[in-house]
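If you want the building blocks of each chain, they are given just below.
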Amino acid sequence: MEGINWTAARFFFDVAQVAFMVGVSLYVWWTNRTRATREAIVSTNERIDELERRMDGVDHDLRHRPSSKELRDLWRKLDETNQGLARATSTNEALAKQLGIIHQHLLEKGK
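Residues numbered from 1 in each chain as written. Predicted model: local features only at pLDDT ≥ 70, side-chain atom pairs only at ≥ 80, totals over all residues. Heavy atoms only, no water.

This paragraph deals with the overall build of the chain. Across its full length, the chain carries 2 helices and 0 strands. The C-alpha radius of gyration of the chain comes to 46 Å, more than 25% above the 13 Å expected for a compact globule of 111 residues. Taken along its principal axes, the extent of the C-alpha atoms in the chain is 155 × 35 × 10 Å. Counting only residues that meet the buried cut, the chain has 0% of its 111 residues in that class. With an accessible surface of roughly 10700 Å², the chain has 63% of that area assigned to carbon and sulfur atoms. Charged side chains in the chain number 17 positive and 16 negative. The centres of these two groups are separated by 9 Å. (Helix = DSSP H or I, 4+ residues; strand = E, 2+ residues; numbered from the N terminus. Rg over C-alpha atoms; globule rule 2.2 N^0.38 Å. Buried < 20%, exposed > 50% of the residue type's maximum accessible area, 1.4 Å probe, protein only. Areas by Shrake-Rupley, 256 points an atom, 1.4 Å probe, with all protein chains shown as cover. Lys, Arg positive; Asp, Glu negative; His and termini not counted. Charge placed at Lys NZ, Arg CZ, Asp CG, Glu CD.)

Once that is clear, we can look at a nonpolar patch on the surface. A contiguous nonpolar surface patch, about 550 Å² in accessible area, is contributed by Val-18, Val-22, Leu-26, Trp-29 and Trp-30. Residue placement: Leu-26 occurs in helix H1 (residues 6–63). (Patch = residues over 30% accessible without salt bridge, like charges linked within 9 Å, V, L, I, M, F, W, Y side chains within 5 Å. Salt bridge = Lys/Arg side-chain N within 4 Å of Asp/Glu carboxyl O.)

Okay, the packing of aromatic side chains next. Overall, the coordinates contain 2 aromatic pairs when judged by the stated rule. Residues Phe-11 and Phe-12 carry aromatic rings whose centres are separated by 5.5 Å and whose planes lie at 65 degrees to one another, so their mutual orientation is edge-to-face. With a centroid separation of 6.0 Å and an interplanar angle of 55 degrees, the aromatic rings of Trp-29 and Trp-30 are classed as tilted. Taking relative accessible area as the criterion, Trp-30 reaches 46% and is therefore assigned partly exposed. (Phe/Tyr/Trp six-rings, centres within 6.5 Å; stacked < 30°, edge-to-face > 60°.)

Turning next to the pattern of salt bridges. Inspection of the entire model under this criterion finds 6 salt bridges. One salt bridge connects Arg-10 with Asp-14, and the closest N-O pair in it is separated by 3.8 Å. With Arg-10 and Asp-14 both in helix H1 and 4 residues apart, the pair spans about one turn of that helix. Judged by its relative accessible area of 54%, Arg-10 is exposed. Between Glu-80 and Arg-76 there is a salt bridge, with its nearest N and O atoms 3.0 Å apart. Residue Glu-80 and its partner Arg-76 are both found in helix H2 (residues 68–109); the two are separated by 4 residues, about one turn of the helix.

Further remarks concern the environment of Arg-35. Among the secondary structure elements, Arg-35 is positioned in helix H1. As a C-alpha pair, Arg-35 and Ser-90 span 55 residues in sequence and 79 Å in three-dimensional space.

Another aspect to go through is the environment of Met-55. Relative to the assigned elements, Met-55 resides in helix H1. When the C-alpha atoms of Met-55 and Ser-67 are compared, they prove to be 20 Å apart, with 12 residues separating the residues in sequence.

Structure, rendered in structure tokens:
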């Protein structure tokens, strides 16, 4: 039986140690990479969820917004109301003048 070649054993041990260290380094790199990727995906999903919530709110507001036809009808009704109010104001002013004339006449008649 021949003796152990310690130089060759040391060489193979060093090769195994380097291979193990390279393997550990690759494992750590891969783990950090996937963790960073997973965190980026989670962060992106959270931002997308927030944007979806905001879009749902905007969509809800837009669905309940009056249409241009409804706005035209509203403006037409407001114009009609303003015209009616103007007529009522002028009628009220005319009645006030007539009442003033009647009041003045009754005061002068009593003298």
